[in-house]
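Below, each chain spelled out in residue letters.
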Amino acid sequence: GAGVSQSPSNKVTEKGKDVELRCDPISGHTALYWYRQSLGQGLEFLIYFQGNSAPDKSGLPSDRFSAERTGGSVSTLTIQRTQQEDSAVYLCASSLDPGDKEQFFGPGTRLTVL
Amino acid sequence: GNSVTQMEGPVTLSEEAFLTINCTYTATGYPSLFWYVQYPGEGLQLLLKATKADDKGSNKGFEATYRKETTSFHLEKGSVQVSDSAVYFCALIPERLTGGGNKLTFGTGTQLKVEL
């Protein structure tokens, strides 16, 4: 399909391990966003990419979280030394350009930290 | 800062009942306002939007009107169906953002269950 895809759909990990979550935006979309959906915090913004650069990282909760985007396409969100409070659904969205207010969301990655 | 407040759920209605989900916001100027829907097991989908005061967004029988004077964007539907059962999120994008982009600020979501 032509939508936003994310992998894996589910990830179970042990506390202290590192995880990588992948987002494949809609082809041609230059703006990419990561959000987190958790029971305690609701839906919250993490980071925004324009092309390969991230002008807004204000939502990353700690320095254990990082993200990159390569080729103006795929993005990877990395969480180091995972903690139980990192358990959440991580959502990726893309839009055609930064001025476009309509974002298309992927199905999310459900992360469980034991 | 910017924030969105929406009524708590879950909301349980009978089929063909009238639906209102309240949403109010805090933001300077004229933010753009959105309703997103999340069906069971699926990702977020944009349901409708309004980008300026007094605009009415509509889609699939749902409507919401941007009310600047009450800073509200209540979601309504005249006759709900079982297939409308989902979680509904109100959200905004501020009028002006530093750093570029259009990051969404969401409400906490309202779960709707429609029964026969």
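About the cut-offs
- Chains are numbered independently. Their residues run from 1 in the order of the written sequence.
- To read the labels, note that chains go from A and ligands from 1, taken in the order they are written.
- Where local features are concerned, this predicted model is filtered to residues with pLDDT of at least 70; where side-chain atom pairs are given and counted, the filter is 80 or more; whole-chain, interface and lining totals use all residues.
- As a rule here, side-chain values cover all heavy atoms of the structure and leave hydrogens and water aside.
- Exposed residues in this analysis have more than 50% of their type's maximum accessible area, buried residues have under 20%, and partly exposed residues fall in between, with area computed by a 1.4 Å probe over protein chains only.
- Strands are runs of DSSP state E lasting at least 2 residues, helices are runs of H or I lasting at least 4, and numbering of each runs from the N terminus.
- We treat two strands as partners when DSSP finds at least two bridges between them.
- For this analysis, a salt bridge means a side-chain nitrogen from Lys or Arg found within 4 Å of a carboxyl oxygen belonging to Asp or Glu.
- Note on contacts: a residue pair qualifies if any of its non-hydrogen atoms lie within 4.5 Å across the two residues.
- When two components associate, each loses some accessible surface as probed by a 1.4 Å sphere; the sum of these losses over both components is called the buried area.
- Distance and chemistry together define a polar contact, namely a pair of N or O atoms within 3.5 Å, with one atom able to donate a hydrogen and the other to accept it when in protein, and with adjacent residues in sequence counting only for side-chain atoms on both sides.

Peer 1: How should I be thinking about the pairing of strand β3 (residues 19-24) of chain A in this particular structure?
Peer 2: Regular strands have side chains that alternate between both faces of the sheet. Residue and element names in this part refer to chain A. Of the two faces of β3, only one is covered, namely that formed by Val 19, Leu 21 and Cys 23; the face formed by Glu 20, Arg 22 and Asp 24 stays uncovered. As paired strands, strand β1 (residues 5-7) and β3 are joined by three bridges and run antiparallel to one another. Residue pairing in the sheet places Ser 5 in a bridge with Asp 24 of β3. In terms of strand pairing, β3 meets strand β8 (residues 75-79) through five bridges, oriented antiparallel. For Leu 21, the partnering residue across the bridge sits in β8 and is Leu 77.

Peer 1: It is not clear to me how the pattern of salt bridges should be interpreted in this structure. Could you clarify?
Peer 2: Any two side chains of opposite charge can pair, on the condition that their charged atoms come close. Scanning all chains against the criterion turns up eight salt bridges over all chains. The closest approach of N and O atoms between Lys52(B) and Asp55(B), which form a salt bridge, is 3.7 Å.

Peer 1: What is the right way to read the interface of chain B and chain A from this model?
Peer 2: By a widespread convention, an interface's size corresponds to the accessible area lost as its parts come together. Each side of the interface is counted separately: chain B has 19 residues, and chain A has 19 residues. For the chain B and chain A pair, buried surface summed over both sides reaches about 1600 Å², with 54% attributable to carbon and sulfur atoms. Among the residues chain B hides against chain A, the three largest losses belong to Leu44(B), Asn102(B) and Lys103(B). Together they make up 33% of the total. For the pair chain B and chain A, the number of links is one salt bridge. A salt bridge links Lys103(B) to Asp56(A); the nearest nitrogen and oxygen atoms lie 3.0 Å apart. In this assembly, chain B and chain A are joined by seven residue pairs in polar contact (both at pLDDT 80 or more). Listed by contribution, the elements that provide at least two residues to the side of chain B that touches chain A are β5 (32-38), β6 (44-50) and β10 (86-93) of chain B.

Peer 1: What exactly am I supposed to notice about unusual backbone geometry here?
Peer 2: Working note: non-glycine residues mostly have negative phi, and peptide bonds are mostly trans. Cis geometry marks the peptide bond from Ser7(A) to Pro8(A); its omega dihedral reads -10 degrees. Topologically, Pro8(A) is positioned in the loop between β1 and β2 (10-13). With an omega dihedral of -5 degrees, the bond running from Gly9(B) to Pro10(B) counts as a cis peptide bond. Among the secondary structure elements, Pro10(B) is positioned in the loop between β1 (3-6) and β2 (11-14). Even without a glycine there, the phi angle at Arg81(A) is positive, about 45 degrees. Tracing the chain through its elements places Arg81(A) in the loop between β8 and β9 (88-95). Positive phi, close to 75 degrees, is recorded for Asp54(B), a residue that is not glycine.

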